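Tertiary structure, described
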Amino acid sequence: MKKYYILILMMFSFVFALRGDLISFQFEDSKNVADISNYINDEFNDFNLPANYSAVMYSIQYETIDQFGNYAIASGMVAFPDSVNKAFPIVSFQHGTQIRRASAPSMNGLNTLSQVMVTGGYIYLEPDYLGLGVSEIFHPYHLKDVTASTVIDMLRAAKQFFDQFSNLQYNNQLFLAGYSEGGYATMAAVKEIEDNLSSEFEITMSFPLAGAYDLSGVMVDLMLSEEPYADPFYLPFFVLSYIEKYELGNLSDFFLEEYATIFPDLFSGEYSGGYINSFLPDIPIHVMKPEVIEEFSNNPSYPFRVALQENNLYDWAPQSPMYLFHGIIDERVPHENSVVAYNSFISNGSESVYFESLPEQYGGHQEAAPFCLLASYNIMSDIHMINNLGDVSQDGNLDVLDLVSIVNLIIDGFYSSYENWAADYNLDLIINILDIISIINQIVED
């Protein structure tokens, strides 16, 4: 397999690239079926997960836009089954909150979820997000538009990446999923696609899991609380992101001086959330100036509050199938976020949104995550389709419908990426009568 994109194209891409253009790619990791099977059995013995394919992983860099509308370079992970003559569904997984830039998915080889998904027969994407991976800007935390763009532009770049490999093909199934910040990112991407990009993408199913969809209500109530919080860095991470995006003022306008002076270094992308927590009080609101808390609490027109309202993700009506899962005792991202979102979706007319609360025994935010992901995986698996070469009609069968489809393609002379791959049954890079004859012979033999 190729290790690097053609360098001269990479040079010109910085001048001519558009949103979603692939800038470069690089091989990072691979694991065979036996290694993945052993790993899955050790980690998830009770879940009976299959291991059918070896996995290959690349990091990619692509063009997107930042929170100010400027072009920016982002990165992410692409992992896929090492199998020829098959087309697989795409699943884009959006990860939870990270702060340390080097912890990004593209920089750390095949992770647990990518191994499970790829060996189960999925093409797996995981965007790093801006501010992580190769991106050195401040991470635009819980800003819906830029978050959606980062996910969507990676989908575009990944399809360009697939075109570099004659033996790698995706079919028409597209799944979006994510947990915590990833749940928010998934929701933002689905909304943007359905509002503005339905002619480009068709979402098979989405799984926004345990996300903060009600920023100005549920999350504000949590952060204004005088109760200890497991990850106090969440609050300043929010505020720093919104100060930058909406030009709300200086850090010293919001934070007590002892924190305002250390936050630029702590949130530089060099440190983990756990490390940052060690410098913060257990009650997050205690890093804020009292006068800021008072105005935020009492003034509905306070700019920071208005900005949070702009980034809520519940007042719309999803049209594609969507599954919400959330632990009922989630202490980091309260369960009420999903309740508010679901009730709003139903009120707005959605008919294909489903919501399930995980009972107390599944634990809090961290503990419930594997069960939310497993439930999502099982639902995906019910409709999961892998297409063999020749299955032009994408119905899972090799039959007369595929012969008719190839005839129509030859007459029309226009092929989609999938059709071009599926119709070239004899792999001679030409779609013609020889492919039809080859498929007829195969049907007769079967």
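Here the residue numbering is sequential within each chain, running from 1 through the sequence in written order. Given that this is a predicted model, residues contribute local features only at a pLDDT of at least 70 and side-chain atom pairs are listed and counted only at 80 or more, while totals for whole chains, interfaces and linings are drawn from all residues. Hydrogens and water molecules were not included; the side-chain quantities draw on all heavy atoms of the structure.

1. Quick word on the nonpolar core
The line we're drawing: Put simply, buried Ala, Val, Leu, Ile, Met, Phe, Trp, Tyr and Cys residues joined by side-chain atoms within 4.5 Å make one nonpolar core. Categorising residues by exposure relies on relative accessible area from a 1.4 Å probe, with only protein chains included: less than 20% of the type maximum marks a residue as buried, more than 50% marks it as exposed, and the intermediate range marks it as partly exposed. Helix numbers and strand numbers start at the N terminus; a helix is a DSSP run of H or I with at least 4 residues, a strand a run of E with at least 2. Contacts are assigned to residue pairs with any non-hydrogen atoms lying within 4.5 Å of each other.
Ranked by internal contacts, the top residues of the largest apolar core, which has 91 residues, are Phe161, Phe162, Phe255 and Phe267. Broken down by element, the residue count for this core peaks at ten residues, all from helix 4 (residues 144–162). Excluding anything up to four places from it in sequence, Phe162 contacts Val78, Ile90, Ile123, Leu125, Leu168 and Tyr170. With 33 residues, the next largest nonpolar core counts Phe93, Val118, Ala177 and Tyr377 among its residues.

2. Concerning the packing of helix 7 (residues 234–246) against helix 13 (residues 303–310)
Put simply, the rule reads: Only C-alpha atoms enter the line fits that serve as axes; for helices the fit covers just the stretch in contact. Angles between N-to-C directions range over 0 to 180 degrees. Note on terminology: angles under 35 degrees are roughly parallel, angles over 145 are roughly antiparallel, angles of 65 to 115 are roughly perpendicular, and the others are oblique.
Two elements in contact, helix 7 and helix 13, have axes separated by 11 Å at closest approach and are oriented at 95°. The angle between helix 7 and helix 13 falls in the class roughly perpendicular. Counting all contacts with helix 7, which are made through Val239, Tyr242 and Tyr246, the residues of helix 13 involved are Phe304, Ala307, Leu308 and Glu310.

3. Focus: unusual backbone geometry
Even without a glycine there, the phi angle at Ser180 is positive, about 65°. Positioned with a positive phi, Leu429 is a non-glycine residue whose angle comes to about 70°. Assignment of secondary structure puts Leu429 in the loop between helix 17 (417–423) and helix 18 (433–445). Take Leu429: its relative accessible area is 78%, and that puts it in the exposed class.

4. As for the pairing of strand 4 (residues 86–94)
Strand residues, when the strand is regular, have side chains that alternate between the two faces of the sheet. In plain terms, the rule: Note: two strands are recorded as paired if DSSP finds a minimum of 2 bridges between them. For the handedness criterion, the strands are oriented away from the viewer, and a crossover whose path from the first strand over the helix to the second runs clockwise is classed as right-handed.
Of all nine residues in strand 4, eight are buried; the element is thus mostly enclosed. Of the pairings in the sheet, the one linking strand 4 to strand 10 (residues 387–388) comprises two bridges and is antiparallel in character. Directly across from Ala87, in strand 10, lies its bridge partner Asn387. Here strand 4 runs beside strand 6 (residues 169–179); their pairing, made up of seven bridges, is parallel. Residue pairing across strands places Ala87 opposite Gln169, the latter belonging to strand 6. Where strand 4 meets strand 5 (residues 123–127), three bridges bridge the pair, whose relative direction is parallel. When the sheet's bridge partners are listed, Ile90 is paired in strand 5 with Ile123. The parallel pair strand 4 and strand 5 is bridged by helix 3 (residues 112–119), and the resulting crossover is right-handed.

5. Brief notes about the packing of aromatic side chains
Cut-off, in case you're wondering: For Phe, Tyr and Trp, rings pair up if their centres lie within 6.5 Å, where Trp contributes its six-membered ring, and each pair is then called stacked (planes under 30 degrees apart), edge-to-face (over 60) or tilted (otherwise). Two limits define a charge over a ring: the Lys NZ or Arg CZ must be within 6 Å of the ring centre, and within 35 degrees of the ring normal.
Within this structure, the stated rule accounts for 38 aromatic pairs. On the basis of an interplanar angle of 70° and a centroid distance of 5.6 Å, the ring pair of Tyr58 and Phe165 is categorised as edge-to-face. Here Tyr58, found in strand 2 (residues 55–65), pairs with Phe165, found in the loop between helix 4 and strand 6; they are 107 residues apart in sequence, far enough to count as distant. A single burial state applies to Tyr58 and to Phe165, both of which are buried. With a centroid separation of 5.4 Å and 50° between ring planes, the pair formed by Phe162 and Tyr170 is classed as tilted. Neither residue differs from the other here; Phe162 and Tyr170 are each classed as buried. The residue whose ring lies beneath Lys245 is Tyr246, and the NZ or CZ to ring-centre distance is 5.8 Å.

6. Thoughts on the environment of Leu155
Inspection of the secondary structure assignment puts Leu155 in helix 4. C-alpha separation for the pair Leu155 and Ser92, spaced 63 residues apart in sequence, amounts to 7.8 Å. With near-sequence residues (within four places) excluded, Leu155 lies in contact with Ile90, Ser92, Leu125, Leu174, Leu176 and Phe201.

7. Examining the pattern of salt bridges
In plain terms, the rule: Basic side-chain nitrogens of Lys or Arg form a salt bridge, by our definition, when they fall within 4 Å of a carboxyl oxygen of Asp or Glu.
Applying the stated criterion across every chain yields a total of six salt bridges. A salt bridge links Arg332 to Asp231, with the nearest nitrogen and oxygen atoms 2.6 Å apart. Linking Arg332 in the loop between strand 8 (322–327) and helix 14 (336–347) with Asp231 in the loop between helix 6 (215–223) and helix 7, this pair joins segments that are 101 residues apart in sequence. Arg332 gets classed as buried once you look at its relative accessible area, which sits at 10%. With a relative accessible area of 12%, Asp231 lands in the buried category. Shared partners join several salt bridges into a network, and the residues in it are Arg19, Asp153, Arg156 and Glu200.

8. Some thoughts on the confidence of the model for the protein
Worth spelling out the cut-off: Residue-level confidence of the predictor, termed pLDDT, takes values from 0 up to 100.
For the protein, the average pLDDT comes to 93, and 96% of its residues sit at 70 or higher. Confidence drops under a pLDDT of 50 for residues 1–9, and excluding neighbours within four residues, the segment shows 20 contacts in the predicted structure.

9. What about the side chain of Asp402?
The following threshold applies: Think of it this way: Lys and Arg go in the positive column, Asp and Glu in the negative one, and His and the chain ends go nowhere. Definition of a polar contact: a pair of N or O atoms within 3.5 Å, with one able to donate and the other able to accept a hydrogen when the atoms are protein atoms, and with sequence-neighbouring residues admitted only if both atoms are side-chain atoms.
In this fold, Asp402 is placed in helix 16 (residues 400–412). Lacking a salt bridge, the buried Asp402 has Lys86 as its closest oppositely charged neighbour, with an N-O distance of 14 Å. One polar contact links the side chain of Asp402 to the main-chain amide nitrogen of Asp399, over a distance of 2.9 Å. Setting aside residues up to four positions removed in sequence, Asp402 forms contacts with Gly390, Asp391, Val392, Ser393 and Asn397.

10. With respect to the environment of Glu28
Note that Glu28 resides in strand 1 (residues 22–31). Looking at Glu28, the relative accessible area reads 32%, which means it is partly exposed. A C-alpha to C-alpha distance of 6.4 Å links Glu28 and Ser59, two positions 31 residues apart in sequence. The contacts of Glu28, once residues within four sequence positions are left out, are Met57, Tyr58, Ser59 and Ser106.

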